[in-house]
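Analysis of the macromolecular model
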Amino acid sequence: MAASSDSPRVNILVLDGDKGHDWVRIFSDRALSDGTRFRVVQASWMNISVVSYPDSGPMVTCAPLRETDGVENDLGSTRNTVTFKPHFCIVRNQARGPTPPSDNRDQLFALMHAGVPSINSLESIYMCLERPVMFGALRRIARAHPDFQVVPQTFYANPKQMIIAPEPWPVVLKVSHAHAGMGKILVENSTAFRDMSTVLAVTGTHCSAEPFVDSDCGIRIQRIEGVRGAPAHYRVLEKTFTGSGWKSQFGGAMLTNTEPCERHRRWVDLAAAAFPGLDICALDIMRKRGSDGHAGEEIIIELNDTACGFLDWEEDTVHVVALAIDRLEQIYVERVRV
């Protein structure tokens, strides 16, 4: 029997600040096997406030982009607010942006303190916030699997240590924690490298340097964990650079959806096991320019977690929703702790 409109519902907090992604609609005709329906509250990290109590657990006050009961706000508006107890989270945005005002780690910590189940797990999201932690996980995999080739990267805990420069030139300098092309600069020679060390001395932040891979394309291997008894969902995108810059985020790129090969599936499966609960992830790879018509060597440069963008939002999000409902079935119907 279907649940009535005033029956208890499972509250799902979706942290996705893209107004074009309608999570309320995609959950609207779904329910658990016992008829329990969902209340979806979609908001951005910057518009939520979380408290974790010892007896009643977490409470969230937020200005939602949209919500199952019709409460919504335009982008940037906080006029209409709701307060609710989240039973589950789906996280599709980074909790920490490139600037101090976009740092919402305190809200993530509150959700972790309350033990809210989530996709991805809140612990894996926390581990992936910092580039050196993520890259250290890739290096551990590479040591155990020689064909899992990771770009040779040097890490400097602070700018004072930028004495011995990596070679060959040019190198890509990655500053602090930022993602999506932010905090990266192409350094052509040792003189420019020394200049960058003096610039970074003002901030005192950590950085890394790695050889620039002269590539004919970039490859992203995307993975979404499958429901119990089902395989994961894979997607491979080839990015052919079309702009004048070296960054696809700003120079432009043409995306081609290709069939995943066994090697790519294995690589992203290994990466998904780097941290518990890394349900949504993507490996970024550069394919070196080949010769005589042959494809060049593939080098892994980064692991992206829960915030990685989907080429086909509708199709890929269906897999995320199915996984979320499967987890909620275990928690609320089968009474299994996940």
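As a starting point, this report considers the structure included with it. Keep in mind the model is a prediction, meaning the values are calculated, not measured. (Residues numbered from 1 in each chain as written. Predicted model: local features only at pLDDT ≥ 70, side-chain atom pairs only at ≥ 80, totals over all residues. Heavy atoms only, no water.)

Here we look at the overall build of the chain
Helix and strand counts for the chain come out as eight helices and 17 strands. In summary, the chain has a C-alpha radius of gyration of 21 Å against a globular reference of 20 Å for 338 residues, a match within 12%. Each principal axis of the C-alpha atoms in the chain carries an extent, and together these give about 65 × 45 × 35 Å. Within the span of the chain, comprising 338 residues, buried residues form 49% of the whole. Nonlocal contacts in the chain, meaning residues at least 24 apart in sequence, comprise 66% of its contacts between residues at least 6 apart. Across the chain, the mean location of the 35 positive side-chain charges is 3 Å away from that of the 41 negative side-chain charges. (Helix = DSSP H or I, 4+ residues; strand = E, 2+ residues; numbered from the N terminus. Rg over C-alpha atoms; globule rule 2.2 N^0.38 Å. Buried < 20%, exposed > 50% of the residue type's maximum accessible area, 1.4 Å probe, protein only. Contact = heavy atoms within 4.5 Å. Lys, Arg positive; Asp, Glu negative; His and termini not counted. Charge placed at Lys NZ, Arg CZ, Asp CG, Glu CD.)

Looking at the pairing of strand β17 (residues 298–304)
Within β17, seven of the seven residues are buried, which leaves the element mostly enclosed by the surrounding structure. Taken together, the six bridges between strand β16 (residues 280–288) and β17 define a ladder with antiparallel strand orientation. Pairing of Leu-283 across the sheet is with Leu-303, part of β17. (Pairing = 2+ DSSP bridges.)

Considering a nonpolar patch on the surface
A cluster of nonpolar side chains, namely Phe-109, Tyr-126, Met-127 and Val-133, defines an oily patch on the protein surface of about 310 Å² accessible area. Looking at where Met-127 falls in the secondary structure, it is placed in helix α3 (residues 122–127). (Patch = residues over 30% accessible without salt bridge, like charges linked within 9 Å, V, L, I, M, F, W, Y side chains within 5 Å. Areas by Shrake-Rupley, 256 points an atom, 1.4 Å probe, with all protein chains shown as cover. Salt bridge = Lys/Arg side-chain N within 4 Å of Asp/Glu carboxyl O.)

Considering the pattern of salt bridges
Taken as a whole and judged by the stated rule, the model has 27 salt bridges. Residues Arg-96 and Asp-103 are paired through a salt bridge, measuring 3.9 Å at the closest nitrogen-oxygen approach.

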